[in-house]
Amino acid sequence: MAETLSVPQDLPRRFTQFADISRIVGELSVLNDHINLENRTAGGRDDVYAKEYHKFVDSTGKGLTYGLEGLSDLLEMVGISGNKASVILNDAENDANHMAAG
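Calculation rules
Residues numbered from 1 in each chain as written. Predicted model: local features only at pLDDT ≥ 70, side-chain atom pairs only at ≥ 80, totals over all residues. Heavy atoms only, no water. Helix = DSSP H or I, 4+ residues; strand = E, 2+ residues; numbered from the N terminus. Buried < 20%, exposed > 50% of the residue type's maximum accessible area, 1.4 Å probe, protein only. Contact = heavy atoms within 4.5 Å. Areas by Shrake-Rupley, 256 points an atom, 1.4 Å probe, with all protein chains shown as cover. Lys, Arg positive; Asp, Glu negative; His and termini not counted. Charge placed at Lys NZ, Arg CZ, Asp CG, Glu CD. Patch = residues over 30% accessible without salt bridge, like charges linked within 9 Å, V, L, I, M, F, W, Y side chains within 5 Å. Salt bridge = Lys/Arg side-chain N within 4 Å of Asp/Glu carboxyl O.

J.: Help me understand the overall build of the protein in this model?
T.: Helix and strand content of the protein: two helices and zero strands. A principal-axis box enclosing the C-alpha atoms of the protein has dimensions of 80 × 25 × 15 Å. Counting only residues that meet the buried cut, the protein has 21% of its 102 residues in that class. Counted over contacts in the protein with a minimum sequence separation of 6, partners at least 24 positions apart contribute 73%. Total accessible area on the protein is roughly 7,700 Å²; 62% of this is exposed by carbon and sulfur atoms. Distance between charge centres in the protein, computed from 9 positive and 16 negative side chains, equals 8 Å.

Here it is as structure tokens:
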């Protein structure tokens, strides 16, 4: 049984969506930076409540920041690599079709 190579017609569009999602995550990162900046002055600094507030908020803010950075990097990488793969697969499909017809 002969195998066929079939590339979805919308494959390039699918990978451009990763760039859009990465941009949105970047916007979330900007908002997160603003929240972290505001949290530096929120809740005070000296009393026990302020210290507990910052103990939780500062560590959580750092985690969210690292998570957003990692997600943005991953989405960008998948989008770029996916676009390259899409071109390669489309070329391979075209070559296979020409070879099959010739």
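J.: Looking at this structure, how should I read a nonpolar patch on the surface?
T.: Residues Ile24, Leu28 and Leu31 make up a contiguous nonpolar surface patch of about 270 Å² in total accessible area. By the element assignment, isoleucine 24 lies in helix 1 (residues 11-41).

J.: Mind showing me how you'd approach the environment of isoleucine 88 here?
T.: In this fold, isoleucine 88 is placed in helix 2 (residues 48-101). Taking the relative accessible area as the measure of exposure, isoleucine 88 reaches 58% and is therefore exposed. Spatially, the C-alpha atoms of isoleucine 88 and phenylalanine 56 are 48 Å apart, while their sequence positions differ by 32 residues.

J.: Would you explain the environment of arginine 40 in this entry?
T.: Summarising the element assignment, arginine 40 is placed in helix 1. In the structure, arginine 40 is positioned 14 residues away from histidine 54 in sequence and 7.9 Å away in space, judged by C-alpha atoms. Those residues in contact with arginine 40 that lie beyond four places of it in its chain are Arg45 and His54.

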